[in-house]
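Observations on the three-dimensional arrangement
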Amino acid sequence: MKMLIYGIITGMLFGFLLQRGKVLRYDKQLGALRFFDMTIVKFMLSSVLVGMVGVYFLKDLGMATLSVKQTILGGNVIGGLIFGIGWGLLGYCPGTSLGAVGEGRWDGLWGILGMLVGAALFAEAYPGLKATVLTWGNFGAITLPQVIGVNHWLIIILFIIGGILLFRWFEKKGL
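Residues numbered from 1 in each chain as written. Predicted model: local features only at pLDDT ≥ 70, side-chain atom pairs only at ≥ 80, totals over all residues. Heavy atoms only, no water.

What about the packing of aromatic side chains?
This structure, assessed with the given rule, holds 5 aromatic pairs. Seen from their ring centres, Y26 and Y92 are 6.2 Å apart, and the 65° between their planes marks the pair as edge-to-face. Within this pair, whereas Y26 is found in helix α2 (residues 26-33), its partner Y92 is found in the loop between α4 (73-90) and α5 (94-102), the two being separated by 66 residues in sequence. (Phe/Tyr/Trp six-rings, centres within 6.5 Å; stacked < 30°, edge-to-face > 60°. Helix = DSSP H or I, 4+ residues; strand = E, 2+ residues; numbered from the N terminus.)

Structural data, given as structure tokens:
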């Protein structure tokens, strides 16, 4: 029950931050897709960097374990294309569809419907995909530090430096 409460609190906090960061707005979504407004990119990159530090910090303290999914290029590429096409057509990604509905914008329901239909289609197609697409480029459960053979904090520091430089470049360009 405690995990469920943590999930609800985390979800509400993330939804609040999505709303405060104005990334639920349709114009911000299209701006990101057209590379005119990097608000969403900056928001998500910040989330990834903070999450990366938090997860590995908790892992190092023994308070969390990593459950790394397999890297399967076939599924990642095809899934990414489907995700991108849906985002481009609707103007919302799955999380922002839910946030848009939470703000009272009913067009986000199309995104929620798309998620449900897509999940159902994937479940039906899974046996066939498991023997084909989900075997293409299967690298197993790997992480970048494992591949390179370095401590994870070196990678994290490099990603943070890269993120800061990217943020500065966005600001210089007015993005």
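A look at the layout of surface pockets
What the largest pocket holds in volume is close to 930 Å³. Lining the largest pocket are 31 residues, with I78, G79, I82, F83 and G118 sitting closest to its centre. Elements with a contribution of two residues or more to the lining of the largest pocket: α4, α5 and α6 (108-131). No other element matches the 12 residues that α6 contributes to the lining of the largest pocket. Taken together, the residues of the lining of the largest pocket break down into 20 nonpolar, 9 polar and 2 charged. (1 Å grid on protein atoms, 1.4 Å probe; cavity = no way out; pocket = protein on both sides within 12 Å on 5 of 7 lines; lining within 4 Å. Points joined across faces, edges and corners; volume = space filled by probe spheres on them. Nonpolar A, V, L, I, M, F, W, Y, C, P; charged D, E, K, R; others polar.)

What about the side chain of D37?
On the secondary structure map, D37 appears in the loop between α2 and α3 (39-60). Side chain to side chain, D37 and K28 meet in a polar contact 3.0 Å long. Contact partners of D37, with chain neighbours within four places excluded, come to K28, G31, A32 and L175. (Polar contact = N/O pair within 3.5 Å; in protein donor to acceptor, adjacent residues only side chain to side chain. Contact = heavy atoms within 4.5 Å.)

Some points on α4
Note: α-helices contain 3.6 residues per turn, so residues at a spacing of three or four share the same orientation. Across its 18 residues, α4 extends 25 Å between first and last C-alpha, which sits within 8% of the 26 Å expected from 1.5 Å per residue. Once α4 ends, the next one or two residues include G91, with phi positive near 90°. (Expected span 1.5 Å × (residues − 1).)

A look at the confidence of the model for the protein chain
Any segment with low pLDDT has predicted coordinates that should not be analysed in fine detail. When the pLDDT values of the protein chain are averaged, the result is 91; 100% of them are 70 or greater. Element-level mean pLDDT values for the protein chain span from 86 in α5 up to 95 in helix α8 (residues 152-173). (pLDDT = per-residue confidence, 0-100.)

Quick look at unusual backbone geometry
The backbone of K22 shows a phi angle near 60°, a positive value even though the residue is not glycine. With respect to the helices, strands and loops of the structure, K22 is situated in the loop between α1 (2-20) and α2. Accessibility expressed as a relative area gives 45% for K22, which makes it partly exposed. For F35, which is not a glycine, the phi torsion comes out positive at approximately 60°. Looking at the element boundaries, F35 is found in the loop between α2 and α3. (Buried < 20%, exposed > 50% of the residue type's maximum accessible area, 1.4 Å probe, protein only.)

Points about the environment of L13
Relative to the assigned elements, L13 resides in helix α1. Distance in space between the C-alpha atoms of L13 and V55 is 17 Å, their sequence separation being 42 residues.

Here we look at the packing of α5 against α6
At a closest axis distance of 8 Å, the pairing of α5 and α6 adopts a crossing angle of 135°. If you check the angle between α5 and α6, you find them oblique. In this structure, α5 meets α6 at a crossing whose hand is left-handed. Judged by residue contacts, P94, S97, L98, A100 and V101 of α5 engage G108, L109, G111, I112 and M115 from α6. Residues that form the contact of α5 with α6 fall into these classes: 7 nonpolar, 3 polar and no charged. (Axes fitted to C-alpha atoms, helices over the stretch in contact; angles between N-to-C directions. Parallel < 35°, antiparallel > 145°, perpendicular 65-115°, else oblique. Left-handed = near helix turned anticlockwise from the far one by under 90°.)

So, the environment of L98
Residue position: L98 is located in helix α5. Along the primary structure L98 and F16 are separated by 82 residues, whereas in three dimensions their C-alpha atoms are 12 Å apart. Once residues lying within four places of it in the same chain are set aside, the contact partners of L98 are I112 and M115.

Overview of the pattern of salt bridges
Here the structure, examined in full by the defined rule, presents 4 salt bridges. Here R25 and D27 are joined by a salt bridge, their closest N and O atoms 2.8 Å apart. Judged by its relative accessible area of 35%, R25 falls in the partly exposed class. As a salt-bridge pair, D37 and K28 come within 3.0 Å of each other at their nearest N and O atoms. By relative accessible area, K28 is classed as buried at 16%. (Salt bridge = Lys/Arg side-chain N within 4 Å of Asp/Glu carboxyl O.)

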